[in-house]
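Here is what each chain is made of, one letter per residue.
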Amino acid sequence: MTVTIDRQGEIATVTVDNPPVNALSAALRQGLWDAVATLDADASVAAVVLVCAGRTFIAGADVTEFGKPPVPPHLPDLVDRIEAAAKPWVAAIHGSALGGGLEVAMGCRFRVAVPDAWLGLPEVGLGIVPGAGGTVRTPRLLGVPAAVDLVTSGRPLRAAQAAEAGLVDAVVQGDLLEGAVAFARLALTRPLPQPVSTRPIAAPDADFWAEQEKAVAKSARGAAAPLRALACLRKAAEADFADAMAFERQTFLDLRGSEQAAALRHVFFAERAAPRPAALRDVEPLPLRRAAVIGGGTMGAGIAAALRDAGLPVVLVERDDEAVARGMANLRGIFDGAVRRGKLTGAQAEDRLAGVTGTTDYAALADTDLVIEAVFEEIGVKRAVFDRLAEACRPDAVLATNTSYLDPRAIAKGLPGPERFIGLHFFSPANVMKLLEIVPVPQTSDRTLATGFALARALKKIPVRAGICEGFIGNRILKRYRTAAEALVRQGVAIAEIDAAMRGHGFAMGPFEAQDLGGLDIAYLQREGARAAGQAVPETLGDLLVRAGRKGQKTGGGWYDYAPGERRPQPSAIVADLLAGSVDPGPAMDRKAIAAHLVAEMAAEGQAILDQGIAQTPAEIDLVEIHGYGFPRWRGGPMFATGIRG
Ligand code: 3HC
Ligand code: NAI
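Because the structure is a prediction, the values reported are computed rather than measured.

As a further point, take the side chain of Ser572. Within the secondary structure, Ser572 is located in the loop between β19 (570-571) and α23 (573-579). Residue classification places Ser572 among the buried residues on the basis of a relative accessible area of 9%. Looking at Ser572, its side chain comes within polar contact range of the main-chain nitrogen of Ile574, at 3.3 Å. When near neighbours in sequence (up to four residues on either side) are disregarded, Ser572 contacts Arg550, Trp559, Tyr560 and Asp561.

Taken together, 25 residues surround ligand 1, and among them Ala61, Gly100, Glu103, Glu123 and Arg272 come closest. A distance of 2.8 Å is found between an oxygen atom of ligand 1 and a side-chain nitrogen or oxygen belonging to Arg55. Ala61 places a main-chain nitrogen or oxygen 2.8 Å from an oxygen atom of ligand 1. Relative to its unbound accessible surface of 990 Å², ligand 1 loses 71% to contact with the protein. At the level of elements, β5 (96-98), α3 (100-107) and α11 (259-273) are the ones that each hand at least two residues to the shell around ligand 1. Looking at the shell around ligand 1 element by element, the count peaks at 3 residues for α11.

Here the structure, examined in full by the defined rule, presents 9 aromatic pairs. When the centroid spacing of 5.2 Å and the interplanar angle of 75° are considered together, the rings of Phe110 and Phe183 count as edge-to-face. With Phe110 in strand β6 (residues 110-113) and Phe183 in helix α7 (residues 176-187), the pair connects residues that are 73 residues apart, well separated along the chain. As far as burial versus exposure is concerned, Phe110 and Phe183 are alike and both buried. One aromatic cluster in this structure is built from Tyr481, Phe507 and Phe631. A cation sits over an aromatic face here: Arg272 above Phe268, 4.0 Å from the ring centre.

Another aspect to go through is the site of ligand 2. Around ligand 2 sit 22 residues, and of these Met299, Glu318, Arg319, Glu377 and Lys382 come closest. At 3.4 Å from an oxygen atom of ligand 2 is found a main-chain nitrogen or oxygen belonging to Gly297. Alone, ligand 2 offers 830 Å² of accessible surface; in the complex the protein occludes 78% of this. Secondary structure elements with two or more residues in the shell around ligand 2: α12 (298-309), α15 (379-392) and β15 (421-426). Take the shell around ligand 2: its biggest share by element is 3 residues, from α15. Within the shell around ligand 2, the residues separate by chemical class into 9 nonpolar, 9 polar and 4 charged.

Let us now look at the UniProt feature "domain: 3-hydroxyacyl-CoA dehydrogenase C-terminal" (unreviewed entry) in the protein. Using the residue numbers shown here, the UniProt feature "domain: 3-hydroxyacyl-CoA dehydrogenase C-terminal" (unreviewed entry) corresponds to residues 471-562. Helix and strand shares over residues 471-562 are 60% and 2% respectively, and the end C-alpha atoms of the span are 30 Å apart.

Moving on to the packing of helix α18 (residues 474-490) against helix α19 (residues 495-505). Contact pair α18 / α19: the axes reach a minimum separation of 9 Å and the direction vectors enclose 135°. Here α18 is positioned oblique relative to α19, judged by the angle of their axes. Of the two elements, α18 crosses α19, and the hand of that crossing is right-handed. Residue-level contacts link Tyr481, Ala485, Leu488 and Val489 of α18 to Ile495, Ile498 and Met502 of α19. Residues belonging to the contact of α18 with α19 are distributed by class as follows: 7 nonpolar, no polar and no charged.

Okay, unusual backbone geometry next. Look at the link from Pro19 to Pro20: it is a cis peptide, with omega at 0°. Summarising the element assignment, Pro20 is placed in the loop between β2 (11-17) and α1 (26-40). Cis rather than trans, the peptide bond between Pro72 and Pro73 has omega equal to -5°. Inspection of the secondary structure assignment puts Pro73 in the loop between β3 (47-52) and α2 (75-83). A positive phi angle, close to 50°, is found at Phe472, a residue other than glycine. Secondary-structure assignment places Phe472 in the loop between β17 (462-465) and α18.

On to the pairing of β15. Burial analysis of β15 places 6 of its 6 residues in the buried class, which makes it a mostly covered element. Neither face of β15 is left uncovered, since the one carrying Phe421, Gly423 and His425 and the one carrying Ile422, Leu424 and Phe426 both have all their residues buried. Sheet analysis places strand β14 (residues 398-401) next to β15, joined by 3 bridges and oriented parallel. Across the sheet, Thr401 pairs through a bridge with Gly423, a residue of β15. Summarising the sheet, β15 and strand β16 (residues 435-440) pair through 5 bridges and their orientation is antiparallel. Each bridged residue has a counterpart across the sheet, and for His425 the counterpart in β16 is Glu437.

With that out of the way, let us pick up the UniProt feature "domain: 3-hydroxyacyl-CoA dehydrogenase NAD binding" (unreviewed entry) in the protein. In the UniProt entry, the feature "domain: 3-hydroxyacyl-CoA dehydrogenase NAD binding" (unreviewed entry) is given for residues 291-466. End C-alpha to end C-alpha, residues 291-466 measures 23 Å, and it is 41% helix and 20% strand.

What follows is about the side chain of Thr451. Along the chain, Thr451 turns up in helix α17 (residues 446-458). Within polar-contact distance, the side chain of Thr451 engages the backbone oxygen of Arg447 at 2.6 Å. Those residues within four positions of Thr451 in sequence are excluded, and the remaining contacts are Pro285, Leu286, Leu288 and Val398.

Of the volumes computed, that of the second largest pocket is approximately 350 Å³. Forming the boundary of the second largest pocket are 18 residues, of which Ala274, Pro277, Ala278, Gln616 and Glu620 lie nearest the centre. Elements with a minimum of two residues in the lining of the second largest pocket: α11, α17, β17 and α25 (618-629). Tallied by class, residues from the lining of the second largest pocket come to 12 nonpolar, 3 polar and 3 charged.

Along its 15 residues, α11 runs 21 Å from first to last C-alpha, staying within 8% of the 21 Å computed at 1.5 Å per residue. Of the positions making up α11, those classed as buried are Gln260, Ala261, Ala263, Leu264, Arg265, His266, Val267, Ala270 and Glu271. Against the buried residues of α11 lie α9 (225-238), α10 (241-256), β17, α25 and α26 (638-641).

What counts as what
- Residues numbered from 1 in each chain as written.
- Chains lettered and ligands numbered in written order.
- Predicted model: local features only at pLDDT ≥ 70, side-chain atom pairs only at ≥ 80, totals over all residues.
- Heavy atoms only, no water.
- Helix = DSSP H or I, 4+ residues; strand = E, 2+ residues; numbered from the N terminus.
- Buried < 20%, exposed > 50% of the residue type's maximum accessible area, 1.4 Å probe, protein only.
- Polar contact = N/O pair within 3.5 Å; in protein donor to acceptor, adjacent residues only side chain to side chain.
- Contact = heavy atoms within 4.5 Å.
- Near = heavy atom within 4 Å.
- Areas by Shrake-Rupley, 256 points an atom, 1.4 Å probe, with all protein chains shown as cover.
- Phe/Tyr/Trp six-rings, centres within 6.5 Å; stacked < 30°, edge-to-face > 60°.
- Lys NZ or Arg CZ within 6 Å of the ring centre and 35° of its normal.
- Nonpolar A, V, L, I, M, F, W, Y, C, P; charged D, E, K, R; others polar.
- UniProt positions renumbered as here; feature names shortened; annotations may be inferred.
- Axes fitted to C-alpha atoms, helices over the stretch in contact; angles between N-to-C directions.
- Parallel < 35°, antiparallel > 145°, perpendicular 65-115°, else oblique.
- Left-handed = near helix turned anticlockwise from the far one by under 90°.
- Pairing = 2+ DSSP bridges.
- 1 Å grid on protein atoms, 1.4 Å probe; cavity = no way out; pocket = protein on both sides within 12 Å on 5 of 7 lines; lining within 4 Å.
- Points joined across faces, edges and corners; volume = space filled by probe spheres on them.
- Expected span 1.5 Å × (residues − 1).

In structure tokens form, the structure reads like this:
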């Protein structure tokens, strides 16, 4: 860690260099503290530019210090010290100014940023609130409504949005340091603005806060930090600066030691470890320049969209011209949807689509680096596709299957060069869901495996390596979860009570309403297939419903009834009749007990998965559940939540 002082005439520059992300360790805080003293004492200095080396401005407090007692100088004191410096400081921002980094920048008299910089307060995502004036200075700079949005969502702003909101004074085109020094010189020719802490706040009325509380509680789904952050903002608007700072600090310290904060830190570090497994550190992946997808259905189109979002040209192979047209229409639907939601401009959507070549001709795959197969879940169909790929592709091209339940070893059987084969299990919708299970077969080479991880990084997905078993990690736990939920129904617990219990626990949906949305028939057909192959698969309650024509929302009913055109589940008398013979009432269970039981079942399956070497660590199982199945992030995943850690 270094803090270096240079001078360009009357402007001093303070350069922070604390790789990898200039986090505010105790040593860095001390270095900045000392720099203020040195520069205050130097009569030749009129203003100071604070700039960072490496890929980013200060990215926040040092998260690795959070489990330990705070060491002085404390961050709020450092920010106050910079704000009270005898010379005005200008924060020159590139990369990300996040959390404590933005708080330091708000202690400066001015903030300038390059156009692709991000500024934000992501603390609520770590289960805490800003702890160095973030909730007290933002309303003074941005006004209360914009500050509420920034702080309670944790979502950062781009430089231009930040400038519009008042968080940044100028966007610098060209060289940042040069631009910041020029900005400082110009600023010295004008009256200085007041330090942020002394600026007034227009306090909203009680109705505003009541409304915000409702909205924040709804989107937090049980996470504590967003509401606590809102309370800090209210204090900032209604009390004086010193009282608001004390309130914020106390809230920060309370939350820092909380179980939710520990869980969210666990997820933070697990997410950062996942894309770069230690075992593959020295393995060079194959360069990914051109990709192909076989099958343009639900998954194939989603995977192709994800590849295009990452900038890769894509060939989409279908079985006949009609299917090519359907696949391309599926893709258009995805990109049009992104335009409707404001995620893409019309021109960007056209460009994404123009980068996809739809064809029935495998010759188009001659120079492809990676092919992902997403055709029907039938071994014969998949084997035939891989025979064609073996003929058409370069011998070093990575060949991947997106199978959900088939054994990848059976798909790869007889493939020339099986070292290039791998399972890449995406989740639906594949262009949205973050999880990617990476499933090597015994012959898969390290290079192919490393290419799978490189793909995940390119697609900004969370990769988890999974061993081979039915359903890999995620669907195997899902099956146990559903079986356990059905067992509760057999004991007389109401379907709607179970769903409400899991929503109360922080899931967006309970297990039964989720099945109604996705359709009960897929799992049913899989069970029927296994039965036809001679396996002893016990009859499920879901089987009874599908046989009665109840496949979910798409048939107007599944576990629940749905009024035409409506998605609100209504408890069903027909289902009660259908299942009556299978229910043998047991002791009553409250919602807390239901959720605890079902999470324990997930964790027990996770433990079995670990014992069999299907997953490497409990943290990876937690990532699968959080990013593939909507497990509440602030609980850390089923393993963390039940005390299985590592
Ligand atoms: N503290 C400690 N280590 C951190 C860190 C932090 N705040 N942020 C990132 N790191 C580490 C990562 O663990 C990783 O370590 P590794 O190389 O050993 O695995 C390394 O820095 C690089 O991180 P990324 O892989 O995430 O790097 P990227 O370039 O992809 O992203 C980033 C950079 C956008 C800055 C991203 O790291 C990030 O979002 N970091 C978190 C920022 C954050 O949450 N800040 C707020 C902290 S809380 C706070 O400030 C409280 C205050 O109000 C008092
Ligand atoms: P789908 O039925 O929507 O699409 C399959 C597509 O493959 C169809 O467009 C079909 O025309 C095409 N196809 C069939 N045979 C072909 C061939 N020989 N050559 C080229 N194209 C061919 O199915 P879906 O849901 O997209 O599933 C595809 C695969 O992804 C399956 O293996 C499935 O198990 C898996 N999967 C599905 C998930 C889901 O949620 N739907 C999630 C994860 C994996």
